[in-house]
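Each chain, written out:
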Number of protein chains: 2
Amino acid sequence: MAEELNDRSQNILEVIVEDYIASAEPVGSRAISRRHSFNLSPASVRNVMSDLEEMGFLCSPHTSAGRIPTDKGFHYYIDTLLQVRDLSKEEESRLQKSYRFKDMKMEDIMQEVGRVMSGLSNYTGLVMAPKFASTVFRQIEFVRLSHGRLLVIYVSETGLVQNKVITADPSLTARDLEQISQYLNREMTGLSIPKVREKIARELKAERIRYDALQQQALELSSAALQEKTEDLVFVSGTSLMLEQPEFSTPERMKRIIHALESKKTLIELLDRSQAAQGVQVFIGSRSEHTEIEGCSLVTASFSSKKGAIGTLGVIGPVRMPYSQVIPIVDFTAQLVSRILEREVE
Amino acid sequence: MAEELNDRSQNILEVIVEDYIASAEPVGSRAISRRHSFNLSPASVRNVMSDLEEMGFLCSPHTSAGRIPTDKGFHYYIDTLLQVRDLSKEEESRLQKSYRFKDMKMEDIMQEVGRVMSGLSNYTGLVMAPKFASTVFRQIEFVRLSHGRLLVIYVSETGLVQNKVITADPSLTARDLEQISQYLNREMTGLSIPKVREKIARELKAERIRYDALQQQALELSSAALQEKTEDLVFVSGTSLMLEQPEFSTPERMKRIIHALESKKTLIELLDRSQAAQGVQVFIGSRSEHTEIEGCSLVTASFSSKKGAIGTLGVIGPVRMPYSQVIPIVDFTAQLVSRILEREVE
DNA sequence: TGTTAGCACTCTACCATGATGAGTGCTAAC
DNA sequence: GTTAGCACTCATCATGGTAGAGTGCTAACA
């Protein structure tokens, strides 16, 4: 991996990547020597390009087209050549103003963040809300529905609200439920979900609990209520922007990419994977794995409050993406969301 | 509109529509006289077809292609010729088994209904959840967030849960909120939202309220909480199925239809419109209005519980749709959802 | 030794051409 | 009223030929 390129090769690779990002067309030697002041003739450029192709950074679609960067070429560009300038204060505040979060609940914020990020970048926005298990218990309430069914309303420290229906002993009265929720809210507030689960398990085993039917029911209810949600919350915004990209202009590609964005399976996998990492991550859709998003790149960043609640957001677009613009947008948005979650706490 | 067609013309129109639905290709005179036992030569069929074209039921894409039905032709077919057989008991129970609604909350049910309907019909499923204003008050709870912000949890008679964040006097204690929600739950349960609003307005004007600050706050809070939600809940499932239809096989059409399904604006408009009507409705995408869903048909039906809470569901697909299969699916699903809402109540 | 001009070569995109075939409309005969 | 026959139309497809862009190679040059 630690391949070295001399200055000239680097420069030429850089302008090829950038020209290709701008035009989506293969880049020819003549264009390079003319548009950029290298003082090199096309023939010399061709020699370098030939070397770069040999090394796997470039490829040519056919004999008499220009060169386009390979995934490896993009990787090298992003890792070594790309200069991501931070946003100026001005831009940041302009960006911040795009978001209006007053009086919005968690889900709406996620949705809105995706929409704005998509609008700013002109690519499809992705937001994966914090996983249930990564949240911190704040409050639980029960609402009786029919047939001994209960609606559980769970609120995390960061204001994420989740509802779930569970079945329970129909003989529980409203008074019982009130006591149960009071008990739980007293005991569990401030604990992370894994800790809450642990505590429930421990207490259910304890001797004394045998004598307090209500407490036992409280624990059993909450155990059911805090079961892992199978479904992840992923918000996709600006799907149709994807179809504007020339790399997805054929019906087959359109079908495939829409399908991938609709099923969300691959997206969740990739967002999950970038969950752990710090800062902005760039995934370049490799040909081998995840064929349904072949030709796509993901630029992602995680957000979190101090009290856990980790989520991931980003944009997905063609590999040929203006990373120098997209990365700061994603980066700043993730930080912004983190701050919002923070503020939500108190 | 009350145009009369003789038997032969009707038969031929019917066959053309059905062949076209099956094949998506223009239908020629020869195919008709051969495949269907009319004992008519192609030439005779041609005469009839020529008449039908004259009357606006058919059109030919070009001189030497067969004929395809116009929107008017489809309309006539649906209104006059189409025989929708009801589902057999067997099919109904099979269909019913596709749905698993145990322990699901309203939103999930809507989502799931859309998914199953889409899967059964092989077209894109649409579900518009009951509008907030059409629901009946069952329960309200308040959860304190930071900075005097409150999370309002509203549960309707049919189990529809809605959350909303409102700003409120930060000095309200948990105890206050409990009392407020108790007061509201005592006073408002069983009333429709418009009635609740009326009652709130009336009581706020009443003299005695001046002396009960808490009650006043309760009323003001609920007034804020029960504000109309601007956003309608529309669930679209199986978007990518649309792209499999030959009528949307070109990139341009794909873009347009995906865009239309994503923005939902037109969909909401059409679903709203069919809200009022009884039974199954068929909208044929006219060329003039709603150009973004040109070439599409909507088959919709409304569902409701006895206590209000009206929603609409259906499928969207190309005008060339096997209505005889789709209509019973939509019809039955709407009835099924109505029954589920009913059961939810008690 | 690195750079460059020149040139033959390759390949795609584009356009015109012509053949094929499906389907119609018309006419005349039944 | 129905039908066979036939000329006509038009989309589709394969063919071939051209223009243009870009490369690779070679030989000359600094």
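Check the entry above for the structure.
Residues numbered from 1 in each chain as written. Chains lettered and ligands numbered in written order. Predicted model: local features only at pLDDT ≥ 70, side-chain atom pairs only at ≥ 80, totals over all residues. Heavy atoms only, no water.

Enquirer: Can you break down the overall build of chain A residue by residue, with the values?
Expert: A count of helical and extended segments in chain A gives 13 helices and 10 strands. A globule of 346 residues ought to have a C-alpha radius of gyration of about 20 Å, yet chain A, at 26 Å, is considerably larger. Projected onto the principal axes, the alpha-carbon positions of chain A cover approximately 90 × 40 × 35 Å. Classification of the 346 residues of chain A by burial places 52% in the buried group. Of the contacts formed within chain A by residues at least 6 apart in sequence, a portion of 60% connects residues at least 24 apart. (Helix = DSSP H or I, 4+ residues; strand = E, 2+ residues; numbered from the N terminus. Rg over C-alpha atoms; globule rule 2.2 N^0.38 Å. Buried < 20%, exposed > 50% of the residue type's maximum accessible area, 1.4 Å probe, protein only. Contact = heavy atoms within 4.5 Å.)

Enquirer: Can you explain the protein's contact with DNA strand C? Please cite residues and give values.
Expert: Around DNA strand C, 19 residues are found, and the nearest of them are A:R8, A:S44, A:T63, A:S64 and B:S29. Considering the 4 Å shell around the protein, atoms of DNA strand C inside it are sugar or phosphate in 73% of instances. Between DNA strand C and the protein, one listed contact pairs a phosphate oxygen with a side-chain N or O atom of A:R8 at 2.3 Å. A:T63 is positioned with one of its side-chain polar atoms (N or O) 3.3 Å from a sugar or linking oxygen of DNA strand C. The element best represented in the surface near DNA strand C is helix 3 (residues 42-54) of chain A, accounting for three residues. (Near = heavy atom within 4 Å. Polar contact = N/O pair within 3.5 Å; in protein donor to acceptor, adjacent residues only side chain to side chain.)

Enquirer: Residue-level account of the protein's contact with DNA strand D, with values.
Expert: Around DNA strand D lies a shell of 19 residues, among which A:S29, B:R8, B:S44, B:T63 and B:S64 are the nearest. Counting only atoms of DNA strand D within 4 Å of the protein, the fraction found in sugar and phosphate groups is 76%. Within the side chain of A:R46, a nitrogen or oxygen atom sits 3.2 Å from a base oxygen of DNA strand D. At 2.4 Å, a side-chain N or O of B:R8 approaches a phosphate oxygen of DNA strand D. Every element with two or more residues in the surface near DNA strand D is listed here: helix 3 of chain A together with helix 3 (42-54) of chain B.

Enquirer: Go over the pairing of strand 7 (residues 234-237) of chain B, please, and point to the residues and values.
Expert: Residue and element names in this part refer to chain B. Burial along strand 7 is two-sided: the residues V234 and V236 and F235 and S237 are all buried. Inspection of the sheet shows strand 3 (residues 124-128) paired to strand 7 by four bridges, in the antiparallel sense. Its bridge partner lying in strand 7, L126 is registered against V236. (Pairing = 2+ DSSP bridges.)

Enquirer: Account for the packing of helix 11 (residues 251-263) of chain A against helix 11 (residues 251-263) of chain B, with residues named and values stated.
Expert: Between helix 11 of chain A and helix 11 of chain B, the shortest axis-to-axis distance is 9 Å and the interhelical angle comes to 25°. Taken as axis vectors, helix 11 of chain A and helix 11 of chain B run roughly parallel relative to one another. Like other packed secondary-structure pairs, helix 11 of chain A and helix 11 of chain B cross with a definite hand, here left-handed. Across from A:P251, A:M254, A:K255 and A:I258 in helix 11 of chain A, the residues of helix 11 of chain B making contact are B:P251, B:M254, B:K255 and B:I258. Looking at the contact of helix 11 of chain A with helix 11 of chain B residue by residue, the classes come out as six nonpolar, no polar and two charged. (Axes fitted to C-alpha atoms, helices over the stretch in contact; angles between N-to-C directions. Parallel < 35°, antiparallel > 145°, perpendicular 65-115°, else oblique. Left-handed = near helix turned anticlockwise from the far one by under 90°. Nonpolar A, V, L, I, M, F, W, Y, C, P; charged D, E, K, R; others polar.)

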